[in-house]
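# Structural description and commentary
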Amino acid sequence: VNVGARDGSCEFDVVRQDGTVWRGDFGSVDPANCLMQKGYGGVAMEGDAESLSALESAYDDRNDVLFKFGFMDPSRSRDAVLEYAA
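Anyway, here's the lowdown on the structure attached to this text. (Residues numbered from 1 in each chain as written. Predicted model: local features only at pLDDT ≥ 70, side-chain atom pairs only at ≥ 80, totals over all residues. Heavy atoms only, no water.)

### A closer look at the environment of Ala80
Applied cut-off: Going along the chain from the N terminus, every DSSP run of H or I of four or more residues is numbered as a helix, and every run of E of two or more is numbered as a strand. Two residues qualify as a contact provided that any one of their heavy atoms is within 4.5 Å of a heavy atom in the partner residue.
Tracing the chain through its elements places Ala80 in helix α3 (residues 74-85). Sequence separation between Ala80 and Val43 is 37 residues, and the spatial gap between their C-alpha atoms is 7.3 Å. Residues in contact with Ala80, not counting those within four places in the same chain, are Val43, Met45, Leu66 and Lys68.

### Remarks on the sheet that holds strand β4 (residues 42-46)
Inclusion rule: Pairs of strands are assigned from DSSP output, requiring at least two bridges between the strands. A fitted line through C-alpha atoms serves as each axis, taken over the contacting stretch for helices, and the angle formed by two N-to-C directions is quoted from 0 to 180°.
If you trace the three strands from one edge of the open sheet to the other, you get β1-β4-β5, paired in parallel fashion. The open sheet is flanked by β1 (2-3) and β5 (65-69), the only strands paired with a single partner. Judged from the two bridges that link them, β1 and β4 form a sheet pairing that is parallel. Its bridge partner being in β4, Asn2 is matched across the sheet by Ala44. Along the sheet, helix α2 (residues 52-59) makes contact with β4 and β5, crossing β5 at roughly 170 degrees.

### Concerning the pairing of β5
We count it as follows: The crossover handedness rule: strands pointing away from the viewer, path from first strand over the helix to second strand clockwise, crossover right-handed.
As paired strands, β4 and β5 are joined by five bridges and run parallel to one another. Residue pairing across strands places Met45 opposite Lys68, the latter belonging to β5. Handedness of the β-α-β unit built from β4, α2 and β5 comes out right-handed.

The values reported here are purely geometric and, on their own, carry no functional implication.
Here is the structure:
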């Protein structure tokens, strides 16, 4: 389950409020996206409309990845996981 899947990429840079780019001491990775890239299924949730097209393109040929677009609260996240499990 990835709440904030962004564009589906495994590695990304973090842009701080002061505009500097930071990758972190050990790099910045999105573990859920990394697992989906390795072939594991899951639920990819994203609220940023600018990332949706890239996210869909990253996994559009996969029937084991469920997309949920829009901002999620805990109950909507739970419902998405239950939908995937069904």
